[in-house]
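Each chain, written out:
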Amino acid sequence: MSGIFTKSMARNIFYGGTVFFFLLFLALTFDTERELPNRDNRQNLTPEVAAGKHIWETRNCLGCHTLLGEGAYFAPELGNVYTRRGPEFIKAWMMSQPTGAPGRRQMPNFHLTDEELDQLVAFFKYTAGINTANWPPNIEG
Amino acid sequence: MQYKSQAVAMPYFIAAIGLFVGQIIFGLILGMQYVVGDFLFPEIPFNVARMVHTNLLIVWLLFGFMGAAYYLIPEETETELYSPKLALILFWVFLVAGAATILGYLLVDYATLASMTGNDLLATMGREFLEQPLLTKIGIVVVALAFLFNITMTVLKGRKTVISIVLLLGLWGLAIFFLFAFYNPVNLVRDKFYWWWVVHLWVEGVWELIMAAMLAFVLIKVTGVDREVIEKWLYVIITLALCTGIIGTGHHYFWIGTPEYWQWWGSIFSALEPIPFFAMTVFAFNMVNRRRREHPNKAAVLWALGTGVMAFLGAGVWGFLHTLAPVNYFTHGSQITAAHGHMAFYGAYVMVVITIISYAMPILRGRAANSEKAQVVEMWSFWLMTIAMVFITLFLTAAGILQVWLQRISDTPMSFMATQDQLMLFYWMREWAGVMFFIGLLTYLASFFIKGEAKTAKA
């Protein structure tokens with residue numbers, strides 16, 4: 001870096017560039033918010049789904065599972081679990097944990113009531129309806 | 001030590017290293033649970049151990065950043081800290097709050113912890129890396145603001161160098177973007193969209209400012225290269241970081257319900273994200289080659305060079321590996337992601353914090369550099385930990401490629417759990433590499449207790 005490119009030029013490019021790209025990011029965010037109603041399945045956001053999301057969060061499900069590919073990679077993807085397994089399987093699964101099979105990964109039993117199980121399933125039904133650009137590549141997640 | 005108040009950095013560094021040890025122990029537990037599924041179940045389920053592992057990492061890095069700021073700001077601004085007493089009070093507040101949170105994770109059922117700590121008033125918990133109870137989150141904000149007040153007041157009354165301005169910008173950005181941790185809409189897509197404003201804009205945004213400022217400070221000290229040159233480099237690096245990294249957030253917006261144009265924005269801009277890390281590597285080697293002095297602290301120089309290389313490999317190369325949307329379609333949320341996460345955090349943030357500790361700790365203990373013997377041990381720990389991390393990353397990458405093949409590309413895709421069974425060999429090798437990392441970490445700890453003839457005089 002020769003004498004032609006001075007420190008104050010570098011500084012100005014930094015501030016100018018940062019402000020420019022941050023404003024561009026805000027503009028894209030604004031446009032995203034406009035587009036989301038067509039993709040994020042908000043028409044199915046019922047109070048039951050909201051309660052299900054609360055259960056999802058307060059049991060720290062993301063500490064083992066992924067949801068739309070984000071979370072931990074210890075247990076299966078659950079964004080499409082409603083499609084893969086269906087509501088009855090999910091509830092039966094939750095109630096039969098932990099399996100206790102020696103050496104196998106164990107999932108705690110969260111002692112959810114029937115109502116809470118239905119709420120969680122409603123949440124999974126809603127997540128399965130989000131337009132994720134065809135991700136995951138197949139039903140296995 | 002040129003300024004008395006720099007001494008407050010010492011407890012921050014010690015706490016950082018202590019929590020680092022805890023983080024690695026929980027990492028070993030997690031690695032074990034990958035191969036022996038019921039290991040420590042039900043006492044420490046995987047999700048709890050993971051929360052402890054990741055949260056300890058964040059907290060000890062924050063301790064490292066704060067310690068770094070308390071150490072380098074007085075020297076940069078040529079004035080004592082505004083309030084060393086406030087810095088010490090905040091140290092204890094942060095340590096007690098952090099320890100209480102970790103104990104809460106380990107001893108209290110998470111749902112109970114949530115209802116005990118006001119999560120029903122404002123639900124913020126149960127999201128990756130932001131698992132902290134509401135009270136802890138508020139505590140983080142209070143500590144961060146008081147810390148920023150202290151540092152900002154110091155900068156205002158002293159000399160304003162580029163390093164201190166950039167560090168300050170990074171730290172303010174850290175505090176401001178953390179506020180999105182309190183925003184948790186019911187709409188999952190919007191929840192995820194703004195969650196990344198904390199996570200991505202931290203690690204691929206403002207933290208890079210902090211990292212670059214810390215690295216620049218150490219390089220000035222150990223090479224004696226002209227400040228003008230180093231500060232110009234610093235501006236170039238952070239310009240590259242933010243001009244690619246801000247829109248680069250888009251690489252997280254491919255498959256979470258966001259519009260599909262993000263596949264273009266995210267792919268293009270995040271493909272450029274390795275450039276600032278490459279510049280950082282070139283910068284570090286360039287400055288060391290042009291050094292005008294032989295600093296007695298060889299270990300610190302090694303860590304500084306290592307930071308550049310490993311950050312470029314982990315964040316740059318391993319990030320690029322799976323950042324293009326057509327590739328990410330198959331690798332999203334697989335062990336490839338885990339491979340990248342491990343090496344990027346180690347190379348960029350763990351190593352830069354160790355770099356400043358390596359440089360500053362001997363001076364805080366009253367000598368320019370540690371004895372030859374202690375430095376040799378420290379350099380051994382550098383190689384042990386760094387090579388172990390390379391192996392962890394390679395084994396996870398191998399596991400990830402196999403996972404993606406069996407579960408997502410094959411004509412007859414296997415289920416998640418059936419696929420996991422096929423990856424066991426790689427998970428075992430990863431765990432052994434983890435043991436090697438832990439041995440490296442113990443070696444690092446030992447280096448602090450090795451006596452020998454210390455290098456005298458102030459550097």
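Residues numbered from 1 in each chain as written. Chains lettered and ligands numbered in written order. Predicted model: local features only at pLDDT ≥ 70, side-chain atom pairs only at ≥ 80, totals over all residues. Heavy atoms only, no water.

### Re the pattern of salt bridges
Thought 1: Enumeration over the complete set of coordinates arrives at 19 salt bridges over all chains.
Thought 2: In this structure, Glu-70 of chain A and Lys-192 of chain B form a salt bridge, with 2.9 Å as the shortest nitrogen-oxygen distance. Of this pair, Glu-70 of chain A sits in strand 2 (residues 70-71) while Lys-192 of chain B sits in helix 7 (residues 188-223), each in a different chain.
Thought 3: With relative accessibility at 6%, the residue Glu-70 of chain A sits in the buried group.
Thought 4: Judged by its relative accessible area of 6%, Lys-192 of chain B is buried. (Salt bridge = Lys/Arg side-chain N within 4 Å of Asp/Glu carboxyl O. Helix = DSSP H or I, 4+ residues; strand = E, 2+ residues; numbered from the N terminus. Buried < 20%, exposed > 50% of the residue type's maximum accessible area, 1.4 Å probe, protein only.)

### Quick word on the domain arrangement of chain A
Thought 1: We note that the domain assignment places domain 1 (7-38) and domain 2 (43-128) within chain A.
Thought 2: A straight line from the C-alpha centre of domain 1 of chain A to that of domain 2 of chain A covers 37 Å. (Domains from an automatic or database assignment.)

### A look at helix 2 (residues 47-58) of chain A
Residues and elements named next belong to chain A.
Thought 1: If you check helix 2, its first and last C-alpha atoms are 17 Å apart, about what twelve residues at 1.5 Å a residue would give, namely 16 Å.
Thought 2: Of all the positions in helix 2, only Val-49, Gly-52, Lys-53, Ile-55, Trp-56, Glu-57 and Thr-58 are classed as buried.
Thought 3: Within two residues after helix 2, Asn-60 carries a phi angle of roughly 50°, on the positive side. (Expected span 1.5 Å × (residues − 1).)

### Regarding the interface of chain A and chain B
Thought 1: Listed by partner, the interface residues are 72 residues for chain A and 89 residues for chain B.
Thought 2: Summing both sides of the interface, chain A and chain B together bury roughly 6800 Å²; the carbon and sulfur share of this comes to 64%.
Thought 3: Its largest share of buried area at the contact with chain B, chain A owes to Lys-7, Phe-25 and Tyr-73 of chain A, together 11% of the area lost on that side.
Thought 4: The interface formed by chain A and chain B includes seven salt bridges.
Thought 5: Across the pair Asp-191 of chain B and Lys-53 of chain A runs a salt bridge whose closest N-O atoms are separated by 2.8 Å. (Contact = heavy atoms within 4.5 Å. Buried area = accessible area lost by both parts, 1.4 Å probe.)

### Quick look at the packing of aromatic side chains
Thought 1: Going through the model one piece at a time under the given rule, you end up with 64 aromatic pairs over all chains.
Thought 2: Both rings, one in Trp-303 of chain B and one in Phe-382 of chain B, keep their centres 4.9 Å apart while their planes meet at 80°; by these two values the pair is edge-to-face. Of this pair, Trp-303 of chain B sits in helix 11 (residues 298-321) while Phe-382 of chain B sits in helix 14 (residues 372-409), placing them 79 residues apart in sequence. Each member of the pair, Trp-303 of chain B as well as Phe-382 of chain B, is classed as buried.
Thought 3: An aromatic cluster is built from Phe-22 and Phe-25 of chain A together with Phe-177, Phe-180, Tyr-183, Phe-193, Tyr-194, Trp-197, Tyr-253, Tyr-261 and Trp-262 of chain B, whose rings are joined through pairwise contacts.
Thought 4: We note Arg-105 of chain A situated over the ring of Phe-74 of chain A; from NZ or CZ to the ring centre the distance is 4.5 Å. (Phe/Tyr/Trp six-rings, centres within 6.5 Å; stacked < 30°, edge-to-face > 60°. Lys NZ or Arg CZ within 6 Å of the ring centre and 35° of its normal.)

### Some details on a nonpolar patch on the surface
Residue and element names in this part refer to chain B.
Thought 1: A surface patch of nonpolar side chains, amounting to about 420 Å² of accessible area, comprises Trp-264, Ile-268, Leu-272 and Ile-275.
Thought 2: Looking at the element boundaries, Trp-264 is found in helix 9 (residues 262-271).
Thought 3: Judged by its relative accessible area of 64%, Trp-264 is exposed. (Patch = residues over 30% accessible without salt bridge, like charges linked within 9 Å, V, L, I, M, F, W, Y side chains within 5 Å. Areas by Shrake-Rupley, 256 points an atom, 1.4 Å probe, with all protein chains shown as cover.)

### Topic: the UniProt feature "domain: Cytochrome c" (unreviewed entry) in chain A
Thought 1: Those places that UniProt annotates as "domain: Cytochrome c" (unreviewed entry) correspond, in this numbering, to residues 47-128 of chain A.
Thought 2: From the first C-alpha to the last, residues 47-128 of chain A spans 17 Å; its make-up is 51% helix and 5% strand. (UniProt positions renumbered as here; feature names shortened; annotations may be inferred.)

### A look at the UniProt feature "transmembrane region" (unreviewed entry) in chain A
Thought 1: Under the feature "transmembrane region" (unreviewed entry), the UniProt entry names residues 12-30 of chain A.
Thought 2: Annotation note: span residues 12-30 of chain A, helix share 100%, strand share 0%, distance between end C-alpha atoms 27 Å.

### Digging into the confidence of the model for chain B
Thought 1: With 99% of its residues at a pLDDT of at least 70, chain B reaches an overall mean of 97.
Thought 2: With pTM at 0.97, the complex prediction returns an ipTM value of 0.97. (pLDDT = per-residue confidence, 0-100.)

### As for the nonpolar core
Thought 1: In this structure, Tyr-70, Trp-202 and Trp-207 of chain B are the most contacted members of the largest nonpolar core, which totals 196 residues.
Thought 2: Counting residues per element, this core draws most heavily on helix 7 of chain B, which supplies 27 residues.
Thought 3: Both domains that meet at this core, namely domain 1 (7-38) and domain 2 (43-128) of chain A, each give it at least three residues. (Core = buried A, V, L, I, M, F, W, Y, C linked by side-chain atoms within 4.5 Å.)

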